[in-house]
Every structure is written in structure tokens, then in C-alpha cells.
Amino acid sequence: MKIMTNRLDRGFYKYQSEFEAKALEVLRSGWYILGKEVAAFEEEFAAYTGAKYCAGLASGLDALSLGVRVLDIGKGDEVLVQGNTYIASVMGITMNGATPVFIEPDEYHQIDVTKLEAAITDKTKAIMVVHLYGEAAKMDDVVALCKKYNLKLIEDCAQSHGACYDGKMTGTFGDIGCFSFYPSKNLGAFGDGGAIVTDNEEILKKIKMLRNYGSDVRYYFREVGLNSRLDEMQAGLLRVRLSHIGELTKEREEIAKRYLDGINNPLIDLPKERDGATCVWHQFVIRCKTRDNLIKYLNDKEISTIIHYPIPPHLSECYENLGHKKGDYPITEQFADEVLSIPMYNGITKEEQDYVIEALNAYKG
Ligand SMILES: *Cc1c(COP(=O)(O)O)cnc(C)c1O
């Protein structure tokens with residue numbers, strides 16, 4: 001049985017008639033940028049997260065870099081961020097001239113809150129929390145530290161649409177929550193898209209101005225901004241997907257439960273869920289000491305897997321200038337060597353899940 005790491009087609013066909021009707025509606029509307037679909041999506045997505053406001057943007061990276069920018073974080077400032085994140089979190093920081101300070105992950109693959117305080121200096125301006133793989137980080141401790149040291153809090157929720165900590169949705173704990181709607185995300189568009197959510201009206205206004213060349217009144221430019229607008233087509237299609245997000249998340253939870261109950265191999269570590277945190281299972285990430293061998297073994301059985309992420313940002317070529325070397329962040333590096341994401345997506349059949357479970361259980365190292 002051939003099993004791919006993702007099948008976006010299945011996510012489309014599940015609601016085919018609704019997507020097609022919305023696409024036609026947008027095509028026939030004659031209005032394609034910053035119109036009623038974007039406004040409606042912003043309202044609906046803010047309501048879904050529990051934030052007051054939302055601004056649609058062109059990507060998750062733009063959400064992160066604009067988020068850092070509107071908090072006035074730049075050259076000479078430090079931002080604490082977990083070491084095992086996707087490169088875009090770090091780029092959001094460095095694009096503004098600020099310096100990322102990497103924090104090791106805990107056993108849940110999230111930022112290790114016990115290591116935050118020691119990393120705070122008089123240059124530290126913010127903590128960027130990434131709710132990696134869909135699992136909420138330990139936000140009570142993060143929020144307490146931000147209060148104690150007067151730090152800004154940015155959440156990278158590109159993988160955590162709908163994940164909660166103590167019943168509160170990720171993205172609403174700090175100043176700004178940043179989302180991506182890249183097609184494979186839990187709330188995926190049919191192209192690129194992103195958004196920020198915030199309770200702060202000033203931040204909202206500034207982001208809306210910056211996404212549109214720095215203009216809030218037509219042809220009056222207050223700042224050098226960028227073109228980072230969510231378009232009407234993506235916003236319309238996202239509204240369709242958002243109307244089903246509850247059942248889509250529930251389906252991922254059921255797949256994860258089958259994996260957690262079914263996979264039983266001492267060579268494989270399963271992901272753990274923290275008390276008080278919910279996971280929306282953007283990825284199902286196992287760990288294995290003989291990971292590269294496991295990949296080959298699964299490949300022979302036609303099961304594709306993917307590594308999130310093989311090279312941690314501090315060892316990425318693009319960050320050579322930061323001067324880090326192998327061994328600087330041993331847990332981050334260990335995870336990069338051991339993690340493996342197995343097929344997890346809306347529309348994977350029970351038969352396919354069972355085939356993955358059986359293969360993993362039969363792995364002998
Ligand atoms: C996908 C992702 C991003 C970037 O989102 P884009 O829309 O692709 O720019 C940022 N951070 C994390 C953790 C992501 O997974």
C-alpha cells in the first residue's frame with residue numbers, strides 16, 4: 001500500500017461542492033483584493049480564536065516579521081525562541097535586524113520554560129513561542145515571565161490552529177498571534193496565506209497599514225510597508241474550511257489516538273501530551289535512535305515520512321553569521337537526528353493508518 005506524507009486532494013474533495021461554489025462566487029464578484037471575503041474571514045477567524053481582531057496577510061512569515069516589527073523590535077534587541085523550530089520563526093526575527101536567542105526544547109518538543117529565565121538579558125525584548133507540531137506550549141510560565149521582565153510575547157501558531165492551553169487558544173496569550181494558511185497547515189488555503197490576531201487595536205491598524213505599502217488612506221504612505229495581502233479567493237476558501245475546523249481537528253485527534261494506542265515498539269518513542277495542553281496534531285512526530293534506518297525500512301513498504309526538521313536553525317547555512325556550532329544546543333540537535341513525522345492528514349483512511357501501525361510495530365531496528 002502506497003502512503004504519502006500528505007494528501008491535499010482528499011482535503012479538497014471532502015468539501016468539493018462548497019469550495020467550488022465559493023471559488024465561482026469570488027470569480028464572478030469582480031473584486032479580488034481586500035474585499036468582503038477578507039473582512040468576513042478576519043471577523044470569523046478572530047471569533048474562532050477568541051481574539052478581538054485579525055488581519056489577513058500573504059503568509060505566515062509575513063505575520064511573524066510584521067509582528068516583530070510592530071512591536072518595535074529591531075537591531076540590538078534579542079528575542080528568545082525555541083531551537084527546534086521551523087526556519088521561518090527565526091527569519092521573522094532576523095529580518096528585523098534583531099538577534100534570535102535559542103532555547104532548548106522540552107520532552108514535548110516545545111520551548112523548555114525552565115530554561116527561559118537564565119537566557120534573559122537587558123537586551124531581551126520578547127519571547128517567541130512556537131506551538132510546534134500542533135501542541136500548546138506551557139503558557140502559564142511564559143506569560144508569568146513576560147510580566148515579570150516586561151517582555152513582549154509573540155506566538156507562532158502556524159502549526160497550532162485551535163490548540164489550547166488551560167482552555168485558552170494559542171495565539172491569544174500575548175501581544176500577537178501569527179498564523180500561516182499554507183495548504184498543508186491544519187487550516188490550509190489553496191495557495192499562500194497568513195494572519196495575525198491581537199486584542200490591541202493600535203497593532204491591528206498598524207499591521208493593516210503595513211500590509212498595504214504602509215498606506216491607510218489611499219496614496220498616502222506613512223511608512224515603507226510591503227504588499228502582504230490575503231486575497232479574496234484564499235479568504236473565501238478559508239472561510240469554507242474554517243466552518244469545518246471542528247470536525248477536521250476531531251478527525252486528527254482520532255488518528256492520533258489510533259497511533260498512540262496502536263504503535264507499540266520499544267525502539268520508537270511516541271509524542272506526549274502535556275497536562276492542560278491540547279494538541280491539534282499538525283504532525284505526529286515519533287522519535288527513533290535509528291531514524292535513518294527506519295526511514296529506509298518504511299520506504300521499502302511504500303510509506304513516506306518527513307523530518308521536521310533535519311537541520312536546526314542555529315546550524316543552517318543562512319545563519320552562519322550567528323556563529324553557532326554543532327554541540328551548542330545538544331537537545332535540539334538530538335531531536336533533529338531522531339524525529340520523524342509519520343503520515344497524518346485529514347482523509348487518511350483507517351486501512352492506511354493500520355498499515356502504518358503494523359509496519360512500525362514490525363520494525364526490528
Ligand atoms: C509554516 C510555518 C511558518 C511559515 O508560514 P508560511 O505561510 O509558509 O510563510 C512559520 N512557522 C512555522 C512553525 C511554520 O510551520
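Placed above this text is the structure.
Residues numbered from 1 in each chain as written. Predicted model: local features only at pLDDT ≥ 70, side-chain atom pairs only at ≥ 80, totals over all residues. Heavy atoms only, no water.

## A closer look at the site of the ligand
Now for step 1: Residues in close proximity to the ligand total 15 residues, the closest being Gly60, Asp156, Gln159, Ser180 and Lys185.
Now for step 2: At 2.8 Å, a backbone N or O of Gly60 approaches an oxygen atom of the ligand.
Now for step 3: A distance of 2.6 Å is found between an oxygen atom of the ligand and a side-chain nitrogen or oxygen belonging to Ser180.
Now for step 4: Mapped onto the shell around the ligand, the elements with two or more residues apiece are α4 (60–70) and α5 (87–94).
Now for step 5: Counting residues per element, the shell around the ligand draws most heavily on α4, at three residues.
Now for step 6: Looking at the shell around the ligand, its residues break down into seven nonpolar, six polar and two charged. (Near = heavy atom within 4 Å. Polar contact = N/O pair within 3.5 Å; in protein donor to acceptor, adjacent residues only side chain to side chain. Helix = DSSP H or I, 4+ residues; strand = E, 2+ residues; numbered from the N terminus. Nonpolar A, V, L, I, M, F, W, Y, C, P; charged D, E, K, R; others polar.)

## Considering the packing of aromatic side chains
Now for step 1: Here the structure, examined in full by the defined rule, presents 15 aromatic pairs.
Now for step 2: Measuring from ring centre to ring centre gives 6.0 Å for Phe12 and Phe19, while their planes differ by 20°; the resulting arrangement is stacked.
Now for step 3: The exposure class assigned to Phe19 is buried, which follows from its relative accessible area of 2%.
Now for step 4: On the basis of an interplanar angle of 75° and a centroid distance of 6.3 Å, the ring pair of Tyr15 and Phe19 is categorised as edge-to-face. (Phe/Tyr/Trp six-rings, centres within 6.5 Å; stacked < 30°, edge-to-face > 60°. Buried < 20%, exposed > 50% of the residue type's maximum accessible area, 1.4 Å probe, protein only.)

## Brief notes about the packing of helix α9 (residues 245–262) against helix α12 (residues 350–361)
Now for step 1: α12 packs onto α9 with a crossing angle of 30° between their chain directions and a minimal axis gap of 10 Å. In terms of orientation, α9 lies roughly parallel with respect to α12. As α9 packs across α12, the resulting crossing turns out to be right-handed. Facing α9, whose interface residues are Ile255, Arg258, Tyr259 and Gly262, α12 presents Lys350, Gln353, Asp354, Val356, Ile357 and Asn361. (Axes fitted to C-alpha atoms, helices over the stretch in contact; angles between N-to-C directions. Parallel < 35°, antiparallel > 145°, perpendicular 65-115°, else oblique. Left-handed = near helix turned anticlockwise from the far one by under 90°. Contact = heavy atoms within 4.5 Å.)

## Focus on the sheet that holds strand β2 (residues 78–82)
Now for step 1: Spatial strand order, β1-β9-β8-β5-β4-β2-β3: seven strands in an open sheet with mixed pairing. Looking along the sheet, the strands with just one partner apiece sit at the ends: β1 (53–57) and β3 (99–103). Here the strands of the sheet are splayed against their neighbours by 20° on average, with no regard to which way each runs.
Now for step 2: By the bridge criterion, five bridges tie strand β4 (residues 124–130) to strand β5 (residues 152–156) in an arrangement that is parallel. Each residue of the ladder has a partner; that of Ala126, found in β5, is Lys152. (Pairing = 2+ DSSP bridges.)

## Overview of the pairing of β5
Now for step 1: Of all five residues making up β5, four are buried, and the element is well covered by its neighbours.
Now for step 2: Taken together, β4, helix α6 (residues 139–149) and β5 constitute a β-α-β crossover, and its handedness is right-handed.
Now for step 3: Both β5 and strand β8 (residues 176–180) contribute to a ladder of three bridges, which runs parallel. Paired with Asp156 across the bridge in β8 is Cys178. (Right-handed = clockwise from strand over helix to strand, strands pointing away.)

## Remarks on the pairing of strand β13 (residues 284–288)
Now for step 1: Taking burial as the measure, the five residues of β13 include five buried ones, the bulk of the element.
Now for step 2: What you see with β13 is no split at all: Phe284, Ile286 and Cys288 on one side and Val285 and Arg287 on the other are buried throughout.
Now for step 3: Here four bridges tie β13 to strand β14 (residues 339–342), and the two strands are oriented antiparallel to one another. Bridging from a neighbouring strand, Ile286 pairs with Leu340 of β14.

## What to know about the environment of Met139
Now for step 1: Note on placement: Met139 falls in helix α6.
Now for step 2: Taking the relative accessible area as the measure of exposure, Met139 reaches 0% and is therefore buried.
Now for step 3: With 35 residues separating them in the primary sequence, Met139 and Gly174 have C-alpha atoms 9.5 Å apart.
Now for step 4: Non-local contacts of Met139, meaning those with residues more than four positions away in its chain, are made with Val129, His131, Leu153, Glu155, Tyr165 and Phe173.

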